[in-house]
Amino acid sequence: MSFAGLLASARPLDGGPSAPLGTGFALAVPDGWLQGRTAYGGFSAALALDAARRAGGEGLPPLRSATVSFIGPLYGEIEVRARVQRRGKNATWMAAEVLRDGEVGLTASFDFMGPVDSALHLNDRPMPAGVIPVDEAEVFAPNAHAPAFRRNVEVRFALPRGEDKRPELCWWMRLADRTGLDPMTEVLLMADGLPPGVLPLLNPGVPVSSMTWLANLLTPAPQTRDGWWLLRSTGDYAEAGCSSQRMEIWNTDGQPVMAGMQSVAVFG
């Protein structure tokens with residue numbers, strides 16, 4: 001089942017005293033979207049976004065920013081709930097949670113904002129130098145050790161692989177089945193698809209876990225060719241088991257789509 005089909009089949013939930021975040025839906029996490037013992041982070045964040053858009057109703061402006069906290073494992077039967085925190089003249093703030101057995105596994109805050117007139121124009125997010133065009137890039141097929149969710153995406157190496165180990169990963173990625181999926185939900189679903197940027201510096205098998213994630217959407221209407229997005233994660237600090245990294249997405253024309261940061265726990 002496609003991600004859009006999974007959303008369409010979700011069971012609606014009403015609000016109530018035990019649901020402070022209002023209405024939402026319930027579903028079972030497919031094994032194919034797991035990353036270890038929990039749902040892949042982009043999967044859970046995209047579910048939270050869909051719940052927020054449902055709760056926000058018609059006329060909700062485009063998503064411009066998301067702040068996500070990965071709190072606990074999400075698998076099996078889960079509930080996704082959201083509510084409006086504030087509606088302004090041009091912006092709406094939404095809160096969302098994903099729960100398993102009544103315990104919170106993910107929280108998210110979403111900011112939706114319509115365009116406004118401005119004399120300020122700045123774009124200092126160039127695509128990395130030396131990127132291999134997606135049609136020429138080498139396919140990176142999942143192996144037996146890859147997370148289960150990797151079978152839902154296609155991956156190609158976007159930069160030439162050298163001998164030096166750097167805290168950076170840069171891949172072309174697209175969903176294997178994006179039928180009927182809203183482009184903004186697609187971007188958030190894909191945006192956490194890279195391993196941590198510091199992975200090339202770690203010994204094989206060292207456990208890592210995302211903790212928090214901030215994503216700023218740089219366009220109100222993401223578009224790309226044939227579903228391909230260029231993702232880059234760059235670790236810029238790591239100490240005492242905590243790594244901070246920058247995350248970016250471009251479309252196939254080199255236009256920036258998302259800029260973010262993530263905090264990653266490194267257990268070794």
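As shown above, the structure is provided for reference.
First, a word on what this report is: a plain description of the structure on this page. Given the structure is predicted, the values throughout are model-derived calculations rather than measurements. Residue positions are counted from 1 within each chain, in the order its sequence is given. Residue-level local features of this predicted model are given only where pLDDT is at least 70; pairs of side-chain atoms are given and counted only at 80 or more, and the full residue set underlies all totals for whole chains, interfaces and linings. Just so you know, side-chain values use all the structure's heavy atoms and leave hydrogens and water out.

## Quick look at the overall build of the protein chain
Test applied: Put simply, DSSP H or I for four residues or longer makes a helix, DSSP E for two residues or longer makes a strand, and each gets a number counted from the N terminus. Radius of gyration: over C-alpha atoms. The globule rule applied is 2.2 Å multiplied by the number of residues raised to the 0.38 power. Any residue under 20% of the maximum accessible area for its type is buried, any over 50% is exposed, and the rest in between are partly exposed; the area is computed with a 1.4 Å probe on protein chains only. Here, residues are in contact when the closest pair of their heavy atoms is within 4.5 Å. Areas reported here follow the Shrake-Rupley algorithm with a probe of radius 1.4 Å; residue values treat only the protein chains shown as occluding. Positive: Lys, Arg. Negative: Asp, Glu. His and the chain ends are not part of the count. By convention, the point assigned to a charge is CZ for Arg, NZ for Lys, CD for Glu and CG for Asp.
Tallying secondary structure elements over the protein chain gives 3 helices and 14 strands in all. Here the C-alpha atoms of the protein chain give a radius of gyration of 18 Å, agreeing with the 18 Å that 2.2 N^0.38 yields for 268 residues. The C-alpha extent of the protein chain, read off along each of the three principal axes, is 55 × 45 × 40 Å. The proportion of buried residues among the 268 residues of the protein chain is 47%. Intrachain contacts of the protein chain at a sequence separation of at least 6 include 66% that bridge at least 24 residues. Total accessible area computed for the protein chain in this model is approximately 13500 Å², and 52% of it derives from carbon and sulfur atoms. Each charge class in the protein chain was averaged separately, 23 positive and 28 negative side chains, and the resulting centres sit 2 Å apart.

## Points about the packing of helix H2 (residues 41–56) against helix H3 (residues 183–191)
This is how it is decided: Axes here mean lines fitted to C-alpha atoms, for a helix over just the part in contact, with angles spanning 0 to 180 degrees between N-to-C directions. Any angle that is under 35 degrees is reported as roughly parallel, and any over 145 degrees as roughly antiparallel; angles of 65 to 115 degrees are reported as roughly perpendicular and all others as oblique. Should the near helix be turned anticlockwise from the far one by less than a right angle, the crossing is termed left-handed; should it be turned clockwise, right-handed. Note on residue categories: nonpolar means Ala, Val, Leu, Ile, Met, Phe, Trp, Tyr, Cys or Pro, charged means Asp, Glu, Lys or Arg, and polar means any other residue, Gly included.
At their nearest, the axes of H2 and H3 sit 7 Å apart, and the two run at 150° to each other. Our classification of the angle between H2 and H3 gives roughly antiparallel. Seen along the crossing, H2 lies across H3 with a hand that is right-handed. The segment H2 lies against H3, with Gly42, Phe43, Ala45, Ala46, Leu49 and Arg53 engaging Met184, Thr185, Leu188 and Leu189. Considering only residue class, the contact of H2 with H3 consists of 7 nonpolar, 2 polar and 1 charged.

## Some thoughts on unusual backbone geometry
The phi dihedral of aspartate 101 falls on the positive side, at around 50°, and the residue is not glycine. By the secondary structure assignment, aspartate 101 is in the loop between strand E7 (91–100) and strand E8 (103–113). Taking relative accessible area as the criterion, aspartate 101 reaches 65% and is therefore assigned exposed. Look at aspartate 226: it is not a glycine, yet its phi comes out positive at around 55°. Among the structural elements, aspartate 226 can be located in the loop between strand E11 (208–217) and strand E12 (229–239). Assessed through its relative accessible area of 43%, aspartate 226 is described here as partly exposed.

Limitation: the analysis is restricted to geometry and does not speak to function.
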